[in-house]
Amino acid sequence: MATTRRPLTSMTSSTPMASSRSLASSSIPTSISSPLAPQPQPKSPLPLRALPSALAVKSSPSVPHAPELYEPLIKAILRQRLLWRIFLGSIAFCWVQTVAWTIWCLGGIEELGIGGVAMVPVTPSTSMMAYVCWVVVALPIVVLRKRHLTGYHSTSKTPLKTLRKALAKQSTKSAFLVYLASAIIATLLHVSLARMSKSNDPRLSLFVKSKKHPYYFNGRLVFLLISQVIAACCSMLRNIMMDRFVFRWPSSFNQTRKSAVTFGDFLRTLVIVALLASVSVPTSAAVFAIARLTLPILYRLPLLHLILRPFTAHFLRGPWTILLPVQHFALLIRAWFLAFSTLSTWEVAELLFDSFVSQPIPVSHMTADPSVTLVSGAASSDIIFKYFAYAELNELSTDLSPSASARRTALFGDQKYSPNLWSHLCRESLLLLGRDYQHFLRRGAPPTLPPPPAVASAAQPPPTFLSTPVSVIKQPIYKQAKPSPVSNVINSLGSDGSFAQAVEAGAEAAHIPDLFKSATTALPVPTEVTKSVEDAKDYFGNVRKSLGRASCRYTPSAVQEAFGTWVDWWTRERISKVAEGSLPGRELDLLVVEVLSRLTCSSLTEDRYGVVQRDIPKILEAMLSFLSAIEDYQIELNALRSPPPEEEKGLSDKERIQREVLRIELAKASEVLGYLGDGFKNGIARIVRTFGGKLNAFKFPPLTARKLQGFVDYNQ
């Protein structure tokens, strides 16, 4: 049955009401309108609005910054180690020392007996004295190390420059004040402990017991204070030379000890402390003797003897100063043990801090996404926190368990963050290697400043326009008042007045020399005057040279030779220090190379999307460039090597010693370079062995390809 299709206009009104409305509206004429009728207002258009869609692109979050995610976890664990290991260990050591001092001050086992000796460790006074000793001796050193801890070694080439550079820092000055105050307070605590024990009076009061002179200083207490100050100076000098404020980098991050502090470390520390105490006591005796010998000179100064006499007049009398240590041997023994206890407390606190802080800190298991935490820590601005992150990444890269493999797969295939985790880690690692590579090329020198911008050219004169010139009246238009006679005289006597102009004109006419025209004319300086001024400036230099010649004339040759050897050691530049200064972050660089190479090798089987493969050329180019620079430096060092011993038969003993010193320095520098160079070689060889012929798919620069070909040929 066929159906008829109606037009679209017939379907607009399907009901009678609709048809009637349409007819009524069609009967109203549209061409004629009444002026009194309201005019229809135009309808405002509806605002445009986009349709909501679930396919809208959302920006991916970036990797959280290290101060927000990684560093708080590290700081929490370090705080726990500080409280329960470093503080607790140093308190225990102070308690043992206080027990020993208390037993000695009370007379030992002969006076106390076995029961009394057993009761000394548990008495409240012993515990209180041990706590006070820890607060004033050990605690300041730990706080000082925590505040001034750094991750970069010193780049000074000589011991003299090392000392000068350290003394120029504000941290060194504050550290010395802390050591000095700690040593003095430790002396006062020892005096208080000795005076509390009534069985043995050490005669360590502040003033001597004299009714006639009640304010004379006690020489025994002065000597103890001097010995403690010398001990503080020795400890501070040792810290400067050893660069103790630097983070204790492990020699090999793959080999971690089971215990942070071993018995060998503790025994080695006590031996060093005994040597320092043995040096400080004789030095204190020499300082005390020099101070006593210079006291008569101070008494000759005006007004100063009036201040010193009530306190130090008794030091002018008595036996010869050199014989005083023999007469007070017990005081020397007490000073040695006091210096030993103070230095050992400092050194044990330093040992505990270095040992427990440098231990690896695993924190990835404490977060929901361990990979994000470690990648965030790798971008930390602190080199120490960065080291902890890479150390844990190295453990992840070497772990062969299925869980570690799943974590590496998730790291490679991350699509949540922008840039993804691997790109973020690779970029931070290559930036670190690039900065250290540039520092190595400069041999530790600071980066050169960019040249100053070129001076802008002179401003162009404004363009001139053709115009008709207008005459300008350059005379005053107002009538000036007639000047008074007094003002005329003053103006004529002025520097630019008519009188001066007349004199100048007369001088020119009479050809008067310039010397009489102006008082500002420079007088010629004779050569003798200039020479005398230069000699006066170098007066102190001449005095120093004359004193040096006089000392060389009257000093034995053996002493001169020993002094010259010491001066040469103190001012000689070390080649090994130059190499160490060129590679200040070599431990972290080696760890970065280890992590990059192992993760790259793991990506061959665990990277599903080939994210890592696109970065292999950049990784290999960075490693090979750094390795080439290291090998070039090794070639330079080998050129400085002295001939073999067979060719040194005609040399003097001094020249042989110098060549032996040079040989030792070159060996140390080669060891530093070889430590990092072997790490780069192992990382490159690991990647070459893993990928093999698949490396032909990548394009490398000519120099990189030539260097890489050697590794490929060696591993085939």
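Remember, predicted model here, so these are calculated numbers, not experimental data.

> So what exactly am I meant to see when it comes to the packing of aromatic side chains here?
Centre-to-centre distance and the angle between the planes together describe a pair of aromatic rings. Under the counting rule described, the total for this entry stands at 22 aromatic pairs. On the basis of an interplanar angle of 85° and a centroid distance of 6.1 Å, the ring pair of Phe223 and Phe288 is categorised as edge-to-face. Taken together, the positions of Phe223 in helix H8 (residues 219-242) and Phe288 in helix H9 (residues 263-299) put the pair 65 residues apart, joining distant regions of the chain. Measuring from centroid to centroid gives 5.3 Å for Trp249 and Tyr387, while their planes differ by 85°, and the two rings are edge-to-face. Note that Trp249 is positioned in the loop between H8 and H9 and Tyr387 in helix H14 (residues 383-398), a separation of 138 residues in sequence.

> Help me understand empty space enclosed by the protein in this model?
If a probe the size of a water molecule is rolled over the atoms, the empty space left behind becomes visible. All told, the structure shown has 2 cavities of 30 Å³ or more when counted by the stated rule. Approximately 200 Å³ is the volume found for the largest cavity. Sorting the residues of the lining of the largest cavity by element identifies helix H3 (71-105), helix H5 (124-147), helix H7 (170-196) and helix H12 (329-357) as the ones contributing at least two each. A per-class count over the lining of the largest cavity returns 9 nonpolar, 6 polar and no charged.

> Would you mind showing me how to read the pattern of salt bridges here?
Side-chain pairing between opposite charges can occur once the charged atoms of the two side chains come close. Overall, the coordinates contain 18 salt bridges when judged by the stated rule. A salt bridge links Glu347 to Arg244; the shortest N-O distance between them is 3.5 Å. Placement of Glu347 in helix H12 and of Arg244 in the loop between H8 and H9 is noted, with a sequence separation of 103 residues between them. Glu428 is paired through a salt bridge with Arg427; the nearest N and O atoms lie 3.6 Å apart. Judged by its relative accessible area of 54%, Arg427 falls in the exposed class.

> Please explain the UniProt feature "transmembrane region" (unreviewed entry) in the chain as it appears in this structure.
With numbering matched to this structure, UniProt assigns "transmembrane region" (unreviewed entry) to residues 82-104, 124-144, 174-195 and 215-238. As a span, residues 124-144 carries 100% helix and 0% strand, and end to end its C-alpha atoms are 29 Å apart.

> Honestly, the packing of H3 against H7 in this entry has me stumped. Any pointers?
How two helices pack is summed up by the angle between their axes together with the distance between the axes. The interhelical angle for the contact between H3 and H7, taken along N-to-C directions, is 40°, at an axis separation of 9 Å. In terms of axis orientation, H3 runs oblique to H7. Crossing geometry of H3 relative to H7 is assigned as right-handed. Counting all contacts with H3, which are made through Trp101, Thr102 and Cys105, the residues of H7 involved are His190, Leu193 and Ala194.

> Help me understand the environment of Lys386 in this model?
Considering the arrangement of structural elements, one finds Lys386 in helix H14. Residue class for Lys386 comes out buried when judged on its relative accessible area of 7%. Measuring from C-alpha to C-alpha, the distance between Lys386 and Leu374 comes to 9.3 Å, with 12 residues separating the pair along the chain.

> Please explain helix H24 (residues 586-606) as it appears in this structure.
Side chains three or four residues apart in an α-helix point the same way, a direct result of the helix having 3.6 residues per turn. Over its 21 residues, H24 runs 30 Å from end to end, which matches the ideal 30 Å to within 8%, given 1.5 Å per residue. Most of H24 is tucked away, with 18 of its 21 residues classed as buried.

> Please clarify how a nonpolar patch on the surface should be interpreted in this entry.
A contiguous nonpolar patch, built from Trp104, Phe329, Ile333 and Phe337 and spanning about 400 Å² of accessible area, is present on the exposed surface. Per element, the largest residue contribution to the nonpolar patch is 3 residues, and it comes from H12. Mapped onto the elements, Trp104 comes out in helix H3. Trp104 sits in the partly exposed class, given a relative accessible area of 38%.

> When you look at the nonpolar core in this model, what are you seeing that I'm missing?
Proteins that are soluble and globular tend to have nonpolar side chains buried together. If you look at the biggest cluster of nonpolar residues, it comprises 139 residues, and the most contacted ones within it are Phe388, Tyr390, Trp422, Phe680, Ile684 and Leu708. By residue number, the principal contributor to this core is H12, which donates 13 residues. Mapping this core onto the domain boundaries places at least three of its residues in each of domain 1 (76-358) and domain 2 (364-442 + 575-715). In contact with Ile684, not counting residues within four places along its chain, are Leu620, Met623, Leu624, Leu627, Leu708 and Phe711.

> What exactly am I supposed to notice about the environment of Lys618 here?
Within the fold, Lys618 resides in helix H25 (residues 616-639). A residue is classified by how much of its surface remains accessible, and Lys618, at 44% relative accessible area, is partly exposed. The spacing of Lys618 and Cys426 is 192 residues in sequence and 9.5 Å in space, taken between C-alpha atoms.

> Which parts of the structure should I look at to understand the side chain of Glu347?
When its relative accessible area of 5% is taken as the criterion, Glu347 is described as buried. At 3.0 Å, the side chain of Glu347 and the side chain of Arg238 are in polar contact. Ignoring any residue separated from it by four or fewer positions in sequence, one finds Glu347 in contact with Ser235, Arg238, Arg244, Thr269 and Val273.

> Can you walk me through the environment of Val372 in this structure?
Locating Val372 in the fold gives a position in helix H13 (residues 370-378). The spatial distance from the C-alpha of Val372 to the C-alpha of Leu69 is 8.9 Å, given a sequence separation of 303 residues. Not counting the four nearest positions on each side in its chain, Val372 is found in contact with Val63, Pro64, Leu69, Tyr417 and Leu421.

What counts and what doesn't
Residues numbered from 1 in each chain as written. Predicted model: local features only at pLDDT ≥ 70, side-chain atom pairs only at ≥ 80, totals over all residues. Heavy atoms only, no water. Phe/Tyr/Trp six-rings, centres within 6.5 Å; stacked < 30°, edge-to-face > 60°. Helix = DSSP H or I, 4+ residues; strand = E, 2+ residues; numbered from the N terminus. 1 Å grid on protein atoms, 1.4 Å probe; cavity = no way out; pocket = protein on both sides within 12 Å on 5 of 7 lines; lining within 4 Å. Points joined across faces, edges and corners; volume = space filled by probe spheres on them. Nonpolar A, V, L, I, M, F, W, Y, C, P; charged D, E, K, R; others polar. Salt bridge = Lys/Arg side-chain N within 4 Å of Asp/Glu carboxyl O. Buried < 20%, exposed > 50% of the residue type's maximum accessible area, 1.4 Å probe, protein only. UniProt positions renumbered as here; feature names shortened; annotations may be inferred. Axes fitted to C-alpha atoms, helices over the stretch in contact; angles between N-to-C directions. Parallel < 35°, antiparallel > 145°, perpendicular 65-115°, else oblique. Left-handed = near helix turned anticlockwise from the far one by under 90°. Contact = heavy atoms within 4.5 Å. Expected span 1.5 Å × (residues − 1). Patch = residues over 30% accessible without salt bridge, like charges linked within 9 Å, V, L, I, M, F, W, Y side chains within 5 Å. Areas by Shrake-Rupley, 256 points an atom, 1.4 Å probe, with all protein chains shown as cover. Core = buried A, V, L, I, M, F, W, Y, C linked by side-chain atoms within 4.5 Å. Domains from an automatic or database assignment. Polar contact = N/O pair within 3.5 Å; in protein donor to acceptor, adjacent residues only side chain to side chain.

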